[in-house]
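Residue strings, one per chain:
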Amino acid sequence: MLRFQPSLRTTRFLLRPFLAEDAPDLQELAGAREIADTTISIPHPYSLAFAKSWIAGLSHFFRAGTGIDFAIILRESKELIGSVALRDIDRENEQAELGFWIGVSWWGAGCATEAASEVTRFGFDRLSLNRIYAYYMVRNPAAGAVLLKLGMKQEGLLRQRVRKSGAFEDVALSALLRDDVRAT
Ligand SMILES: CC(C)(COP(=O)(O)OP(=O)(O)OC[C@H]1O[C@@H](n2cnc3c(N)ncnc32)[C@H](O)[C@@H]1OP(=O)(O)O)[C@@H](O)C(=O)NCCC(=O)NCCS
C-alpha cells in the first residue's frame, strides 16, 4: 500500500483525501434522503458528529491498507460534490469494492462516471489490483449505468441481500478485471 494518500485529477475534479473541515459540507450533501435511500451504509439523518467521526476514521482504513476514500472536489469552485472509494481492499486476492455517491444537485452530469473511472484506473495502476467490484440496489439503475460505463460486467443478483428502512432489497454485483481493461 502507499505511504501517503495521493490526490488525483480529472478534467473537472480534484480527488483528494477528506479533511476535518469538510464535515459540514459532507453532512449537508450526504444527509440528503436520496443518498441514504440507495446506499447500504449511509445513515439518515446524517449528523455533523457522524460526519466528523466518519472523516476521522478514514485514516485508520488507509493506514491498515484496507480502504482509500476520496472527496470529489470541483477544481473550479473547490466545492465538495461527492465521494468515491475503494473499500475492503484484499491483498490476498488483489481486489477491492468500489463505492460512490454524488450530491443530488449534480446528478446526471457524468460526475460519478468521471470520478469513479479515475479511481478504478488508480486501483489497477497504483494499487495493482486485479479485480474491482461494486454492489448496487437493483432499483437504482443510475448506479448500474455508471458501472456499465466503467466497463463492469454484471456477475450476479443477490436476492434480498440488504434490509433498507425495513424492506429487503435485491442487490446486483458487477466487476471489472484487469484483463477486461487490457482487452479494450
Ligand atoms: C448513482 C449516482 C452516483 C449517479 O451519479 P451521477 O453523477 O448522476 O452519474 P452519471 O451522470 O455519471 O451517470 C448516470 C447514468 O445513469 C443514467 N440514469 C439515471 N437515471 C436512470 C434511470 N432511472 N434509469 C436508467 N438509467 C438512468 C443516466 O442516464 C447516466 O447514464 P448515461 O450517461 O449513459 O446517460 C447518484 O445518483 C447517487 O449518488 N445516488 C445515491 C448514492 C448511490 O446510489 N450510490 C451508488 C451506490 S453503488
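Everything that follows concerns the structure shown earlier in this document.
Now for a look at the structure at hand. Computed from a predicted model, the values in this text were never measured in an experiment.

With that settled, consider helix 3 (residues 48-64). Compared with an ideal rise of 1.5 Å per residue, which puts 17 residues at 24 Å, helix 3 spans 25 Å between its outermost C-alpha atoms and is within 8% of the ideal. Within the sequence span of helix 3, burial applies to Ala51, Ile55, Leu58 and Phe62. Looking at the buried side of helix 3, the elements it contacts are helix 1 (23-30), strand 3 (68-74) and strand 4 (80-90). Directly after helix 3, the chain includes Gly65, whose backbone phi takes a positive value near 75°.

Among the 7 residues of strand 3, 7 are classified as buried, and the element is accordingly described as predominantly covered. Residue alternation in strand 3 divides its side chains into two sets, Ile68, Phe70, Ile72 and Leu74 and Asp69, Ala71 and Ile73, and both sets are buried. Where strand 3 meets strand 4, 6 bridges bridge the pair, whose relative direction is antiparallel. For Asp69, the partnering residue across the bridge sits in strand 4 and is Ala85. Here strand 3 hands over to strand 4 after 5 residues, with Lys78 in that stretch at a positive phi of 65°.

What follows concerns the site of the ligand. As a structural note, the neighbourhood of the ligand is formed by 22 residues, with Thr38, Gly108, Gly110, Thr113 and Lys149 the closest of them. Thr38 places a side-chain nitrogen or oxygen 2.6 Å from an oxygen atom of the ligand. In this structure, an oxygen atom belonging to the ligand sits 2.7 Å away from a main-chain N or O atom of Gly108. Expressed as a share of its isolated accessible area of 960 Å², the protein-covered part of the ligand is 69%. Those elements giving two or more residues to the shell around the ligand turn out to be strand 5 (95-102), helix 4 (111-125), strand 6 (131-137) and helix 5 (141-149). Broken down by element, the shell around the ligand gets its largest block of residues, 6 residues, from helix 5. The residue inventory of the shell around the ligand, partitioned by class, reads 14 nonpolar, 6 polar and 2 charged.

Formed by 34 residues in total, the largest nonpolar core has its most connected members in Leu15, Val84, Leu86 and Leu98. Broken down by element, this core gets its largest block of residues, 7 residues, from helix 4. Formed by 16 residues, the second largest nonpolar core is a distinct cluster that contains Phe18, Ala23, Tyr46 and Trp101.

Procedures and definitions
- Residues numbered from 1 in each chain as written.
- Predicted model: local features only at pLDDT ≥ 70, side-chain atom pairs only at ≥ 80, totals over all residues.
- Heavy atoms only, no water.
- Helix = DSSP H or I, 4+ residues; strand = E, 2+ residues; numbered from the N terminus.
- Expected span 1.5 Å × (residues − 1).
- Buried < 20%, exposed > 50% of the residue type's maximum accessible area, 1.4 Å probe, protein only.
- Contact = heavy atoms within 4.5 Å.
- Pairing = 2+ DSSP bridges.
- Near = heavy atom within 4 Å.
- Polar contact = N/O pair within 3.5 Å; in protein donor to acceptor, adjacent residues only side chain to side chain.
- Areas by Shrake-Rupley, 256 points an atom, 1.4 Å probe, with all protein chains shown as cover.
- Nonpolar A, V, L, I, M, F, W, Y, C, P; charged D, E, K, R; others polar.
- Core = buried A, V, L, I, M, F, W, Y, C linked by side-chain atoms within 4.5 Å.

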